[in-house]
Structures are given as C-alpha cells and as structure tokens.
Amino acid sequence: MDDIDRKLLHQLQQDSRQSNAQLAEKLNISTSACWRRVKTLEDAGVIERYGALVNPARMGLRFEAIVHVHLTRHDTEALARFIAAVQLREEVTECYATTGQADYHLRVLCRDIDAYNGFLEEFLFLQPAVNSAQTNVVLRRIKANAPLGG
C-alpha cells in the first residue's frame, strides 16, 4: 500500500459516494488507475464494505451504553450460545471479546432507559453464561467512526 492508496482510503472513508472520476481527480490519477486501485483494495479485504453512517438520536435511539459483561462459564458451547444470542440483538451494535476484568464489551443503543432495562432483564441476564454486567452510560460522543490512517 502506497501513499496514493492511503489517500484513496481516506477519501472513501470521508465520503464513499464519490464517483470514480471525482476520486481520480482528487488523487491526480487516471480514472482507470483509480478504479484498479479500489478494486485491488476491495479484493484484498482492505475495504470490507460500503455503508452510511446513521445518527442514532435522529432514529429515536437516545440511550447509549457500554456494557462490561462478566461470564460465569467459559466453555466452548456456552460461549458460542452467548455470542450467537448477542449477534441477533439489534440493540447491540458492537461486541468485543477483550482482556481485562470483563470478558465482553457491548455497545448498546436503545430508545430510553426503560428499553435498556428491558434489554437487561429480558435478554442479557437470562443468558446462562452471564454472571454480571456493569453499565457505563455514554454522556456524549467525543470521537467515533474516525477514518483509519495508513
């Protein structure tokens, strides 16, 4: 990956709806060279997908939390069931297995505190592998969805 690829990725992360001609002009390369570079980055898995960034609050999702989940069971089957269940929940927008005190960290978006309480009582605490969860309510976002550098 060279400087042009890095600039191309930066441009696409800023606005993936730019045309190939617009990208080529900004990078000062031909449209065919630009298209080949994009295709190469896609084929290599550097560009995983294209999408739109959505404002959760404008969709009525005004409650955001980071939930630190502690498991009681770490056997393969219990972990697989927990992961499968989390993947099906639309409130969970991100899930990370990490080192440290908590086993998993979830980013959860809900309509309000009542909806979040329902998520806890009707889903998370019913998972057999879950021992406890600690919630950190997000007061405001400082940095999110930042473009990756090279």
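Treat the numbers as computed from the prediction; the structure is a model and nothing was measured.

Participant: Please provide a residue-by-residue account of the nonpolar core, values included.
Facilitator: Val 67, Val 69, Leu 106, Val 108, Tyr 116, Phe 119 and Leu 124 are the most contacted members of the largest nonpolar core, which totals 23 residues. For this core, the secondary structure elements donating two or more residues are strand E1 (63–71), helix H4 (76–88), strand E3 (104–110) and helix H5 (113–122). With residues up to four places along the chain from it excluded, the contact list for Val 67 reads Tyr 104, His 105, Leu 106, Val 108, Tyr 116, Leu 124, Ala 133, Gln 134 and Thr 135. Residues Leu 12, Leu 27, Ala 33 and Ile 47 belong to the second largest nonpolar core, which totals 12 residues.

Participant: Requested: an account of the sheet that holds E3, with residues and values cited.
Facilitator: Strand pairing in a sheet relies on backbone hydrogen bonds, with the paired strands running either antiparallel or parallel. Reading across the sheet, the four strands line up as E2-E3-E1-E4 and stay open at both edges, with antiparallel pairing between neighbours. Where the open sheet ends on each side, the last strands, each with one partner, are strand E2 (92–97) and strand E4 (130–137). Neighbour-to-neighbour, the strand axes of the sheet open up by a mean angle of 20 degrees, direction not taken into account. Both E2 and E3 contribute to a ladder of five bridges, which runs antiparallel. Across the sheet, the residue bridging to Tyr 96 is His 105, located in E3. Most of the contacts of H4 go to E3, to which it runs at about 25 degrees, and overall it touches E1, E2, E3 and E4.

Participant: How would you explain unusual backbone geometry if you had to name every residue and give the values?
Facilitator: You will see that Asn 28, though not glycine, has its phi angle at about 60 degrees, which is positive. Of note, Asn 28 is situated in the loop between helix H2 (20–27) and helix H3 (31–43). You will see that Asn 145, though not glycine, has its phi angle at about 55 degrees, which is positive. Mapped onto the elements of the fold, Asn 145 is located in the segment after E4.

Participant: Can you break down the pairing of E1 residue by residue, with the values?
Facilitator: Taking burial as the measure, the nine residues of E1 include eight buried ones, the bulk of the element. The pairing of E1 with E3 spans seven bridges and is classified as antiparallel. When the bridges of E3 are listed, His 68 appears paired with His 105.

Participant: Outline the packing of H2 against H3, listing residues and values.
Facilitator: Pairs of packed helices are described in terms of their axes, by the angle between the two and the distance that separates them. Following both chains from N to C, one finds H2 and H3 inclined at 105 degrees, their axes separated by 8 Å at the closest point. Between H2 and H3, the angle is such that the two are roughly perpendicular. Seen from H2, the contacting residues are Asn 20, Ala 21, Leu 23 and Ala 24; seen from H3, they are Thr 31, Cys 34 and Trp 35. When its residues are assigned to classes, the contact of H2 with H3 shows five nonpolar, two polar and no charged.

Conventions used here
- Residues numbered from 1 in each chain as written.
- Predicted model: local features only at pLDDT ≥ 70, side-chain atom pairs only at ≥ 80, totals over all residues.
- Heavy atoms only, no water.
- Core = buried A, V, L, I, M, F, W, Y, C linked by side-chain atoms within 4.5 Å.
- Buried < 20%, exposed > 50% of the residue type's maximum accessible area, 1.4 Å probe, protein only.
- Helix = DSSP H or I, 4+ residues; strand = E, 2+ residues; numbered from the N terminus.
- Contact = heavy atoms within 4.5 Å.
- Pairing = 2+ DSSP bridges.
- Axes fitted to C-alpha atoms, helices over the stretch in contact; angles between N-to-C directions.
- Parallel < 35°, antiparallel > 145°, perpendicular 65-115°, else oblique.
- Nonpolar A, V, L, I, M, F, W, Y, C, P; charged D, E, K, R; others polar.

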